[in-house]
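Here is what each chain is made of, one letter per residue.
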Amino acid sequence: MDSVRPEVKEYYSNLGTKIVDESHDQDTTDLHKCIDFIAKDSSVADKPNLCILVLGALGGRFDHEMGNINVLHLFPNINIILLSDDCLIFLLPRTHTHMIHIERSIEGPHCGLIPIGMPSTSTTTTGLRWNLDNTSMSYGGLVSTSNIVEEDKVTVTSDSDLIWTISLQN
């Protein structure tokens, strides 16, 4: 809230909105603060199906986008989806095989798997035009971009956390 205009803050305060000012903390992003606030709320923190949809997290300054992607890694046990006008992004934790159900009327066909944080020595997929078969990926090496969704269900197994991204049809 370090950049909120005073009249905006006053407007919401007058509506009875609880204002939590964490502007003193310059070591975390606004998104990090929001997710942390939600995670500490006992009424939602224990819900295994909790999904947080974040609008406006992409398409601006690149450093802000990377900070928002970093938040996905900081909260791997919370399903956080970053949504823009043309794509969505979420984390696939290495803890299990992921089954991604594709809504083909609005998602695809382009997709990617990005090993941000650490290399993957073994990633396997099904449902893509160019499936990976125990494939190694890393920055400075192979990064799976510009792949094509071929089926309504995509599976991904990896020994590393991966970012899944898929295009959205306008």
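Rules used throughout
Residues numbered from 1 in each chain as written. Predicted model: local features only at pLDDT ≥ 70, side-chain atom pairs only at ≥ 80, totals over all residues. Heavy atoms only, no water. UniProt positions renumbered as here; feature names shortened; annotations may be inferred. Patch = residues over 30% accessible without salt bridge, like charges linked within 9 Å, V, L, I, M, F, W, Y side chains within 5 Å. Areas by Shrake-Rupley, 256 points an atom, 1.4 Å probe, with all protein chains shown as cover. Salt bridge = Lys/Arg side-chain N within 4 Å of Asp/Glu carboxyl O. Helix = DSSP H or I, 4+ residues; strand = E, 2+ residues; numbered from the N terminus. Buried < 20%, exposed > 50% of the residue type's maximum accessible area, 1.4 Å probe, protein only. Pairing = 2+ DSSP bridges. Axes fitted to C-alpha atoms, helices over the stretch in contact; angles between N-to-C directions. Core = buried A, V, L, I, M, F, W, Y, C linked by side-chain atoms within 4.5 Å. Contact = heavy atoms within 4.5 Å. Expected span 1.5 Å × (residues − 1).

- The name an unreviewed UniProt entry assigns to the protein chain is thiamine diphosphokinase, from the organism Urochloa decumbens.
- Database annotation for the protein chain, UniProt heading Subcellular location (unreviewed entry): "Cytoplasm, Cytosol".
- What UniProt states about the protein chain under its Function (unreviewed entry) heading is, verbatim, "Catalyzes the phosphorylation of thiamine to thiamine pyrophosphate (TPP). TPP is an active cofactor for enzymes involved in glycolysis and energy production. Plant leaves require high levels of TPP for photosynthesis and carbohydrate metabolism."

Section: a nonpolar patch on the surface
At step 1: A cluster of nonpolar side chains, namely Tyr11, Tyr12, Leu15 and Ile19, defines an oily patch on the protein surface of about 410 Å² accessible area.
At step 2: Mapping Ile19 onto the fold places it in the loop between helix H1 (6-14) and helix H2 (30-39).

Some words on the UniProt feature "domain: Thiamin pyrophosphokinase thiamin-binding" (unreviewed entry) in the protein chain
At step 1: Mapped onto this numbering, the UniProt entry annotates "domain: Thiamin pyrophosphokinase thiamin-binding" (unreviewed entry) at residues 96-162.
At step 2: Taken as a whole, residues 96-162 contains 0% helix and 51% strand, while its terminal C-alpha atoms sit 12 Å from one another.

Description of unusual backbone geometry
At step 1: Omega for the bond connecting Gly108 with Pro109 falls within 30 degrees of zero, at 10°, which places this linkage in the cis form.
At step 2: As for its placement among the helices and strands, Pro109 is situated in strand S5 (residues 107-114).
At step 3: Residues other than glycine seldom take positive phi values, yet Ser146 does so here, at roughly 55°.
At step 4: Along the chain, the position of Ser146 falls in strand S8 (residues 144-148).
At step 5: On the basis of relative accessible area, Ser146 is assigned to the exposed category, the value being 53%.

As for the pairing of strand S6 (residues 120-126)
At step 1: As paired strands, S6 and strand S7 (residues 135-137) are joined by two bridges and run antiparallel to one another. In the strand pairing of S7, Ser120 is matched with Met137.
At step 2: Where S6 lies against strand S9 (residues 153-158), four bridges are found, and the strand directions are antiparallel. Residue pairing across strands places Thr124 opposite Thr157, the latter belonging to S9.

Some details on the sheet that holds S7
At step 1: Taken in spatial order, the four strands make up an open sheet running S4-S9-S6-S7, and their pairing is antiparallel. Looking at which strands have only one partner, the edges of the open sheet turn out to be strand S4 (98-101) and S7. The sheet shows a mean angle of 35° between the axes of neighbouring strands, direction not considered.
At step 2: Summarising the sheet, S4 and S9 pair through four bridges and their orientation is antiparallel. Looking at S9, one finds that Met99 is bridged to Thr155.

Observations regarding the nonpolar core
At step 1: In terms of nonpolar packing, the biggest core is built from 20 residues, with Ile35, Ile80, Leu82, Ile89 and Ile163 touching the most fellow members.
At step 2: Broken down by secondary-structure element, the contributors of at least two residues to this core are H2, strand S1 (51-55), helix H4 (62-74), strand S2 (79-83) and strand S3 (87-92).
At step 3: If we ignore the near neighbours within four places in the chain, the residues touching Ile89 are Leu58, Ile69, Leu72, Ile80, Ile81, Leu82, Ile163, Trp164 and Thr165.
At step 4: Among the nonpolar cores identified, the runner-up in size contains 18 residues, and Phe90, Leu132, Val149 and Val154 belong to it.

With respect to H4
At step 1: Taking 1.5 Å of rise per residue, the 13 residues of H4 would be expected to cover 18 Å, and the 18 Å separating its terminal C-alpha atoms lies within 8% of that figure.
At step 2: Along H4, the residues classified as buried are Glu65, Gly67, Asn68, Ile69, Val71, Leu72 and His73.
At step 3: Each element contacted by the buried residues of H4 is listed here: H2, S2, S3 and strand S10 (162-168).

Looking at the sheet that holds S2
At step 1: Reading across the sheet, the six strands line up as S1-S2-S3-S10-S5-S8 and stay open at both edges, with mixed pairing between neighbours. In this open sheet, the two edge strands, each paired with only one partner strand, are S1 and S8. Going across the sheet, the axis of each strand differs from the next one's by a mean of 20°, ignoring polarity.
At step 2: Here three bridges tie S5 to S8, and the two strands are oriented antiparallel to one another. The partner of His110 across the bridge, within S8, is Ile148.

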